[in-house]
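Per-entry structural report
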Amino acid sequence: MISDFITWIFAILVVDPLQAQVQEHVERARLPVEIARQSQNCLTSQGPQLIERAAGDYGWAAVTAINIAIGRTAPVELLDSQDPQCAALVQALNRAGEDA
C-alpha cells in the first residue's frame, strides 16, 4: 500500500514532468520523425523502470523528486543514455539545455 502511494507520487512529480518536457522539446525543436518515435519508445521503456526503482527505494524516490522540484536535477538526467531508444533523445535534450 505504501509502495503504491510512493509510486503514484513519484509518477506525478517526476515521470509526468519528464514526459511533458520531452514532448514539448520534440514539438518545439521539430525533431525528425525518427527521433520523435524513439522518444516515445524511450519513455515507454524508461517510465516503468523509474517507477519500479522508486517503489523499491523510497529514499532515492524522495531525493529525486525533491531535486527535480527545486531544479537541481533535470528530468532528462533520469533517462538511460545507454539505451539505444534514448540516446538521440538525451543528446537532443542536453543540447537544448545548453542553448537555453
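This text follows the structure it describes.
These notes cover the structure that comes with them. (Residues numbered from 1 in each chain as written. Predicted model: local features only at pLDDT ≥ 70, side-chain atom pairs only at ≥ 80, totals over all residues. Heavy atoms only, no water.)

**Quick notes on the packing of aromatic side chains**
Here is the rule: Two rings from Phe, Tyr or Trp (for Trp, the six-membered ring) form a pair when their centres sit within 6.5 Å of each other. Planes less than 30 degrees apart are called stacked, planes more than 60 degrees apart edge-to-face, and all others tilted. Secondary structure elements are taken from DSSP: a helix is a run of H or I of four residues or more, a strand is a run of E of two residues or more, and numbering for both begins at the N terminus. Only protein chains enter the area calculation, which uses a 1.4 Å probe; residues under 20% of their type maximum are buried, those over 50% are exposed, and those in between are partly exposed.
Inspection of the entire model under this criterion finds 2 aromatic pairs. Judged by centre distance (6.2 Å) and plane angle (35°), the rings of Phe5 and Trp8 are tilted. One end of the pair, Phe5, and the other, Trp8, are both in helix α1 (residues 2–29), 3 residues apart, so they sit about a helical turn from each other. Relative accessible area serves as the criterion here: at 51%, Trp8 is assigned to the exposed category. Seen in terms of ring centroids, Phe10 and Trp60 are 5.3 Å apart; in terms of plane orientation they differ by 40°. Their pairing is tilted. Taken together, the residues span a long stretch of sequence, with Phe10 in helix α1 and Trp60 in helix α3 (residues 58–69) at a distance of 50 residues. Assigned by exposure class, Phe10 and Trp60 land together as buried.

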